Amino acid sequence: MGVYSPCKSFFQGIKLATIINGKEISQQIRGEIANTVKTITDTGAPPPGLAVIIVGDSKASQVYVSAKKKACEQAGFYSLEIILPAETTQAQLLQKIDDLNNDAKIHGILIQLPLPSHINESAILEAISTDKDVDCFNPKNFGYLNLGADCLQPCTPSGALELLKRYQIPIEGKNALVVGRSNIVGKPMATLLTRENATVTIAHSRTKNLPELCKNADIIVAAIGKPEFIKGAWIKENCVVLDVGTNSVNDPTSPKGYKLVGDVEYEEAAKRASFITPVPGGVGPMTIAMLLSNTLKAREKLLNNN
Ligand code: GUN
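The structure displayed is predicted, hence computed values, not measured ones.

A. Molecular detail of unusual backbone geometry. Each neighbour pair has its own omega, and for L113 with P114 the value is 0 degrees, a cis peptide bond. Mapped onto the elements of the fold, P114 is located in the loop between β4 (108-111) and α5 (121-127). With an omega dihedral of 0 degrees, the bond running from V279 to P280 counts as a cis peptide bond. Note on placement: P280 falls in the loop between β11 (275-276) and α11 (286-305). The backbone of N197 sits at a positive phi, close to 70 degrees, despite the residue not being glycine. As for its position among the elements, N197 is in the loop between α8 (186-195) and β6 (199-203). Given a relative accessible area of 47%, N197 falls into the partly exposed group.

In structure tokens, the structure reads:
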């Protein structure tokens, strides 16, 4: 009551957003998937199988791929990690994909991007069976997604959407702003939010009135790949902020000499937002959880159709 009531915003003038814990939610989902897989394998049925192909020796790609492999093992999946030399020809890679398309133990195929420049990325992505395309990178699946069909959905955008759902954040009728128009995140994110009946705006590097668009947004998904590009002062009071950016910036105070920051100026945005994802530990960990979820779904669909 009165002056003694514990009103943080009154005394400190600061109301901080609820931090969306993507690390915890992703662990929860991975636990749920592991339980389902155990139920399947306890009956003697084969587990979901995921094949990941990496061409070349990019350190970053190898780190991603070994994280995916570890997640598969923890969830009880059958996992294949195929590392091909940088000189692999397009024909050899297409042959590998064909083998995996016809391998009954494999339900999901992921080609780690980027590919070496002598390989035509579109030709490769189109070769992945739509039923096994757990990244949803085959243009046919991208089309199905836009048609609102029941199809596999791309991992990072569906992970961001899952965070909204698990935190029971309403989407329908909200003004959602997606900042970034990449094929991997921005475009499919806008599609998924439209499918959830949000009113969606896509902004990008050439957008002229970004601060104004941000001030009108109930939900912002930042996926532009520029450190702290979206300023806290642009965020509307009680906006929900999902930050997909993972940018490495110099930090002499860190033992590693760098730190990871998102596309949003986090500290300032958290003073205005109702919910916000941190970087790291927000949207990032959801990608692998959704990859496992997609592989499990692909397995069910493949077995039911055969
Ligand atoms: N490279 C960077 N992100 C991704 C992703 O989500 N999937 C694949 N296949 N490659 C990537």
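From this point, the discussion proceeds with the structure in view.
B. Fine view of the packing of aromatic side chains. For the structure on display, the rule yields one aromatic pair. Between Y167 and F275 the ring centres are 6.2 Å apart and the planes differ by 70 degrees, which places this aromatic pair in the edge-to-face class. One end of the pair, Y167, is in the loop between α7 (155-166) and β5 (175-179); the other, F275, is in strand β11, and 108 residues separate them in sequence.

C. Spatial organisation of the sheet that holds strand β2 (residues 49-55). The sheet built from three strands is open, its strands ordered β3-β2-β4 with parallel pairing. Edge positions in the sheet fall to β3 (78-84) and β4, since each has one partner strand and no second. For this sheet, the mean angle separating the axes of adjacent strands, direction not counted, is 15 degrees. Where β2 and β4 come together, four bridges link them in parallel fashion.

D. Up close: the site of the ligand. Taken together, the residues surrounding the ligand are L110, I111, Q112, L113, D135 and F137. The separation between a nitrogen atom of the ligand and a polar side-chain atom of Q112 is 3.3 Å. The contact in question runs from a nitrogen atom of the ligand to an N or O atom on the side chain of D135, over 2.6 Å. Protein chains shield 79% of the accessible area of the ligand, which is 280 Å² for the free molecule.

E. Up close: the pattern of salt bridges. This structure, assessed with the given rule, holds eight salt bridges. Among the ionic pairs, K105 bridges to D103, the shortest N-O distance being 3.9 Å. Salt-bridge contacts for K271 lead to E268; the nearest nitrogen and oxygen are separated by 2.9 Å. Judged by relative accessible area, which is 35%, K271 ranks as partly exposed. Linked by salt bridges that have partners in common, E32, E162 and R166 make up one network.

Thresholds, definitions, all that
- Along each chain, residues carry numbers from 1 onward, in the same order as the chain's sequence is written.
- Where local features are concerned, this predicted model is filtered to residues with pLDDT of at least 70; where side-chain atom pairs are given and counted, the filter is 80 or more; whole-chain, interface and lining totals use all residues.
- Side-chain numbers here rest on the full set of heavy atoms in the structure, without hydrogens or water.
- Comment: elements are numbered from the N terminus, with helices defined as DSSP H or I runs of at least four residues and strands as E runs of at least two.
- We call a residue buried when its accessible area falls under 20% of the maximum for its residue type, exposed when it is over 50%, and partly exposed in between, using a 1.4 Å probe and counting protein chains only.
- Planes of paired rings set the category: under 30 degrees apart is stacked, over 60 is edge-to-face and the rest tilted, where pairs are Phe, Tyr or Trp rings (Trp by its six-membered ring) whose centres lie within 6.5 Å.
- Between any two strands, at least two bridges found by DSSP are needed for them to pair.
- For helices, the axis comes from a line fit to the C-alpha atoms of the stretch in contact; other axes are also lines fit to C-alpha atoms, and the angle between any two N-to-C directions lies between 0 and 180 degrees.
- Think of it this way: one heavy atom of a residue within 4 Å of a molecule or strand is enough to make that residue near it.
- By the criterion applied in these results, polar contacts are pairs of N or O atoms within 3.5 Å in which, for protein atoms, one can donate a hydrogen and the other can accept it, and in which residues neighboring in sequence qualify only through two side-chain atoms.
- Every accessible area reported is derived by Shrake-Rupley at a probe size of 1.4 Å, with residue values counting cover from the shown protein chains alone.
- Salt bridges are counted wherever a side-chain nitrogen of Lys or Arg sits within 4 Å of a carboxyl oxygen of Asp or Glu.

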